[in-house]
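Notes for the structure review
Chain by chain, the residues run as shown.
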Amino acid sequence: MLLDDGKTNCIMYRRTNPQLLGGLWPNARAIYEQMPKGSEPKAIRDHKMEVVFPNGAKIKYQQAENVARSKMDAQGQEFTFVGIDEGKQCAPLCSDTYR
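Residues numbered from 1 in each chain as written. Predicted model: local features only at pLDDT ≥ 70, side-chain atom pairs only at ≥ 80, totals over all residues. Heavy atoms only, no water.

**A word on the packing of aromatic side chains**
We apply this condition: To pair, rings of Phe, Tyr and Trp, with the six-membered ring standing in for Trp, must have centres within 6.5 Å; the planes then decide the type, stacked if under 30 degrees apart, edge-to-face if over 60, and tilted in the middle. A run of H or I in DSSP becomes a helix once it reaches four residues, and a run of E becomes a strand once it reaches two; helices and strands are each numbered from the N terminus. For every residue, the accessible area obtained with a 1.4 Å probe (protein chains only) is divided by the maximum for its type, and the residue is called buried under 20%, exposed over 50%, and partly exposed between those limits.
Enumeration according to the criterion identifies 2 aromatic pairs in this entry. Ring centres of Y32 and F53 lie 6.1 Å apart, and the angle between their planes is 80 degrees; this geometry places the pair in the edge-to-face category. Of this pair, Y32 sits in helix α1 (residues 17-33) while F53 sits in the loop between β3 (50-52) and β4 (58-63), and the two are 21 residues apart along the sequence. Of the residues examined, Y32 reaches a relative accessible area of 10% and is grouped as buried.

Right, here's the structure in full:
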């Protein structure tokens, strides 16, 4: 499993913060809260929309509407996995302007 590695650093993008807060983040949070004992997160940080596991693995949720901000926030970081929820809405992330 990806989260077995403490160096795992994942990011999940959704187009806007309202979309994150209105669905993806609360649903993900509910799943993390129901994880079996021994595999549950060490911390669920609502203000950062981030989940940290006891071994150090992290999953972060972020908006992608402001491409310049998203690009700067990700600059220099190494991600094990980059997910785009509703990818059709996040075309700027996949375009040449983001690279």
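From this point on, the discussion continues.
**Examining the pattern of salt bridges**
The condition that has to hold: When a carboxyl oxygen of Asp or Glu is within 4 Å of a side-chain nitrogen of Lys or Arg, the pair counts as a salt bridge.
This structure, assessed with the given rule, holds 4 salt bridges. With a shortest N-O distance of 1.9 Å, R29 and E33 are connected by a salt bridge. On the criterion of helical spacing, the pair formed by R29 and E33 is a turn pair, its members being 4 residues apart in helix α1. The class for R29 is partly exposed, based on a relative accessible area of 21%. Bridged by salt links that share partners, the residues R29, E33 and D46 form one connected network.

**Digging into the layout of surface pockets**
Keep this limit in mind: Each cavity reported here is a set of points on a 1 Å grid over the protein atoms alone in which a 1.4 Å probe fits but cannot get out, each pocket an open set with protein on both sides within 12 Å along at least five of seven lines, and each lining residue one with an atom within 4 Å of a point. Grid points are joined across faces, edges and corners, and a volume is the space filled by probe spheres set on the points. Throughout, the ten residues Ala, Val, Leu, Ile, Met, Phe, Trp, Tyr, Cys and Pro are labelled nonpolar, Asp, Glu, Lys and Arg are labelled charged, and all others, Gly among them, are labelled polar.
Of the volumes computed, that of the largest pocket is approximately 160 Å³. Looking at the largest pocket, it is lined by 10 residues, and the ones nearest its centre are L3, D4, G38, S39 and F53. Its residues placed into classes, the lining of the largest pocket shows 5 nonpolar, 3 polar and 2 charged.

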